[in-house]
Amino acid sequence: MKECISLAIVGGSRGAYLGPVLSTLAGKARLAAVCDNNEAALRRWQEEHPDVKAYSDYALLLEDPDIDAVFIATPLFLHARQAIAALRAGKHVLSEVIAIHTLEDAWELIETVEQTGLTYMMAENYCYMRANMMVKNMVEQGLFGDIVHVEGGYIHDCRTLFHDANGQLTWRGELVRDYKGNSYPTHSLGPVAQWLGINRAGGGEFDSLTTFVSRSEATANYFAEHVSPDHPGASPGYWKQGDSSVTLIRTKKGAVITLRYDIQSSRPHNMTHYALQGTRGAYLSERYGGEDPLVWLEKPEESKRHSDHASWEPLWNGEAEWEHPLWKRWKSDADQTGHGGGDFFVLREFVSSILERRKPAIDVYDAVSWSAVSPLSMLSVDLQGAAVPFPDFKRGRSSVSG
Ligand SMILES: NC(=O)c1ccc[n+]([C@@H]2O[C@H](COP(=O)([O-])OP(=O)(O)OC[C@H]3O[C@@H](n4cnc5c(N)ncnc54)[C@H](O)[C@@H]3O)[C@@H](O)[C@H]2O)c1
């Protein structure tokens, strides 16, 4: 077994974020190659990393025997096929979100991971944000009681990323033009699924979902004002995805999850949008950068008093007691990396799970069940919001092994 993993980054734009994180893993992982089919992007990488191999053809990268693992950071439509190809070529895979875009790919990805026995992890960095990890720690200590409702949202005006300088649609623009549902569910769902223990002993699985999508307005207005009134995108009918969508998921253990997805509406970006309701406590993430996340835990003497007398407390007040052990250990390193430290923990967990020959914290069943909200929500929308069941991705081995 190798002591240092040779990693290749595929897709240079997002991949560039992980470069600095790799330096925190010296001796355990090294950047061995980059791959991008865009000449300009590849040239930028070569200038910054003259000592690593550069590939413009993914198939050739996969033939390189020096590469142990790939980080796939290409447009999301490509993730599943590229992951399956890498596993078949004997490489471990860290995949950007979302893991799969169709249910057919979901099944093939699971089968390929099971057949090859290689490590597959989805890089859901929002799970590792400090507040989300602290809440997970509190949940595991039973402080909230039994959880009955959780909420997650990905609300991020991304319209400037829908087109290039010539008004040509990017892959994000195509996603909004062609699909109607929740096409990017894992930032909102991943952390709350972990709070509920989904796919783990005691947490059960997702049961079914329903999705409603609002009408489309915001992106047409933006294209008319900022791209060109003559662009086809200046007409609301051009965009299949409405501005805001809401998905409700019921779990087999009777909890309800509310997910909001909106990458078009005009508003400042707030990275976190989460809530939790248990039988003995509740959590609310901050509404904007700089505000404190809030928590309320029932005290025995208060349980018979009316809730009007109860008050929220900043989550950080409980830092000494509730900080997740991983954040206690790695805070100074994590604080220097992107997405609230999430990028640091994702890469560290991926590399450690390979070296320690264990399952990664976000395995293929998590990756597929969280990502399947994308195709299932589109099906529900087509059926006017009818409830759609989740496939049994573990094929009867329900939550025994995680
Ligand atoms: N986890 C997060 O917080 C986070 C943040 C941003 C993006 N993402 C995810 O990362 C992925 C990339 O997003 P982005 O914003 O960097 O996109 P992007 O379009 O800016 O970059 C994608 C890169 O992939 C390259 N590429 C496309 N097809 C390729 C192929 N077949 N082989 C090799 N390279 C190819 C492109 O040339 C481009 O350089 C997406 O799936 C996105 O969802 C995740």
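Note: the structure precedes this text.
Just so it is clear, the model here is predicted, and its values are computed rather than measured. (Residues numbered from 1 in each chain as written. Predicted model: local features only at pLDDT ≥ 70, side-chain atom pairs only at ≥ 80, totals over all residues. Heavy atoms only, no water.)

### So, the site of the ligand
In the vicinity of the ligand, 24 residues are found, and the nearest of them are Ser13, Arg14, Asp36, His79 and Trp171. Within the side chain of His79, one N or O atom sits 2.9 Å away from an oxygen atom of the ligand. Between the ligand and Trp171 there is a distance of 2.9 Å, counted from an oxygen atom to a side-chain nitrogen or oxygen. Burial of the ligand by the surrounding chains reaches 81%, relative to a free accessible area of 850 Å². (Near = heavy atom within 4 Å. Polar contact = N/O pair within 3.5 Å; in protein donor to acceptor, adjacent residues only side chain to side chain. Areas by Shrake-Rupley, 256 points an atom, 1.4 Å probe, with all protein chains shown as cover.)

### Concerning the side chain of Asp343
You can see Asp343 is positioned in helix 12 (residues 342-355). Classification of Asp343 as buried rests on a relative accessible area of 1%. Looking at Asp343, its side chain comes within polar contact range of the side chain of Asn125, at 2.9 Å. Other than its neighbours up to four places away in sequence, Asp343 contacts Arg14, Tyr17, Leu18, Val21, Asn125 and Gly338. (Helix = DSSP H or I, 4+ residues; strand = E, 2+ residues; numbered from the N terminus. Buried < 20%, exposed > 50% of the residue type's maximum accessible area, 1.4 Å probe, protein only. Contact = heavy atoms within 4.5 Å.)

### As for the packing of helix 4 (residues 79-88) against helix 5 (residues 103-116)
Two packed helices can be described by the angle between their axes and the distance between those axes. Their axes nearest at 10 Å, the elements helix 4 and helix 5 cross at an angle of 20 degrees. Classified by the angle between their axes, helix 4 and helix 5 sit roughly parallel to one another. In the packing of helix 4 onto helix 5, the handedness of the crossing is left-handed. Contact with helix 4, carried on its side by Ala80, Arg81, Ala83, Ile84, Leu87 and Arg88, involves Asp105, Glu108, Leu109, Thr112, Val113 and Thr116 of helix 5 and no other residues of that element. (Axes fitted to C-alpha atoms, helices over the stretch in contact; angles between N-to-C directions. Parallel < 35°, antiparallel > 145°, perpendicular 65-115°, else oblique. Left-handed = near helix turned anticlockwise from the far one by under 90°.)

### Side note on the sheet that holds strand 9 (residues 245-251)
Spatial strand order, 14-13-12-11-7-10-9-8-15: nine strands in an open sheet with mixed pairing. Two strands in the sheet have a free side with no partner beyond their single neighbour: strand 14 (313-314) and strand 15 (388-389). Judged from the seven bridges that link them, strand 7 (residues 147-155) and strand 10 (residues 256-262) form a sheet pairing that is parallel. What sits directly across from Tyr154, in strand 10, is Tyr261. Across the sheet, helix 6 (residues 130-140) lies against strand 7, strand 11 (274-278), strand 12 (281-284) and strand 13 (294-297), angled at about 10 degrees from strand 11, the strand it touches most. (Pairing = 2+ DSSP bridges.)

### Describing a nonpolar patch on the surface
A grouping of Val246, Leu248 and Val256 is seen on the molecular surface, where their side chains present a nonpolar patch of about 200 Å² in accessible area. Looking at the element boundaries, Leu248 is found in strand 9. Judged by relative accessible area, which is 38%, Leu248 ranks as partly exposed. (Patch = residues over 30% accessible without salt bridge, like charges linked within 9 Å, V, L, I, M, F, W, Y side chains within 5 Å. Salt bridge = Lys/Arg side-chain N within 4 Å of Asp/Glu carboxyl O.)

### Side note on the packing of aromatic side chains
By the definition in use, this model includes 14 aromatic pairs. Here Tyr222 and Phe223 contribute two aromatic rings whose centre-to-centre distance is 5.7 Å and whose plane-to-plane angle is 70 degrees, an arrangement assigned as edge-to-face. For Tyr222, a relative accessible area of 11% translates into the label buried. In this structure Phe223 comes out as buried when scored by relative accessible area, which is 0%. (Phe/Tyr/Trp six-rings, centres within 6.5 Å; stacked < 30°, edge-to-face > 60°.)

### Structural notes on empty space enclosed by the protein
Within the structure shown, the criterion is met by one cavity of 30 Å³ or more. Every residue along the wall of the largest cavity is listed here: Gly153, Tyr154, Ile155, His156, His269, Asn270, Met271 and His273. Considered class by class, the residues forming the lining of the largest cavity number three nonpolar, five polar and no charged. (1 Å grid on protein atoms, 1.4 Å probe; cavity = no way out; pocket = protein on both sides within 12 Å on 5 of 7 lines; lining within 4 Å. Points joined across faces, edges and corners; volume = space filled by probe spheres on them. Nonpolar A, V, L, I, M, F, W, Y, C, P; charged D, E, K, R; others polar.)

### Looking at unusual backbone geometry
Of note, the amide linkage connecting Val97 to Ile98 takes the cis form, showing an omega dihedral of -5 degrees. Here Ile98 lies in the loop between strand 5 (92-95) and helix 5. Here the phi dihedral of Asn199 falls at roughly 70 degrees; this positive angle occurs in a residue that is not glycine. Here Asn199 falls in the buried class, since its relative accessible area comes to 5%. The backbone of Gln384 shows a phi angle near 55 degrees, a positive value even though the residue is not glycine. Tracing the backbone through its elements, the reader meets Gln384 in the loop between helix 14 (373-382) and strand 15.

### A short note on the sheet that holds strand 4 (residues 69-72)
Read across the sheet, six strands follow the order 3-2-1-4-5-6 without closing on themselves; strand pairing throughout is parallel. Sheet topology places strand 3 (53-55) and strand 6 (120-122) at the edges, where each strand pairs with a single neighbour. Geometrically, the sheet is characterised by an average inter-axis angle of 25 degrees between neighbouring strands, direction not taken into account. Pairing of strand 2 (residues 29-35) with strand 3, which is carried by three bridges, proceeds in the parallel orientation. Note that in strand 3 the partner of Ala33 across the bridge is Lys53. The strands that helix 2 (residues 39-48) touches are strand 1 (5-10), strand 2 and strand 3; relative to strand 2, the one it contacts most, it runs at about 145 degrees.

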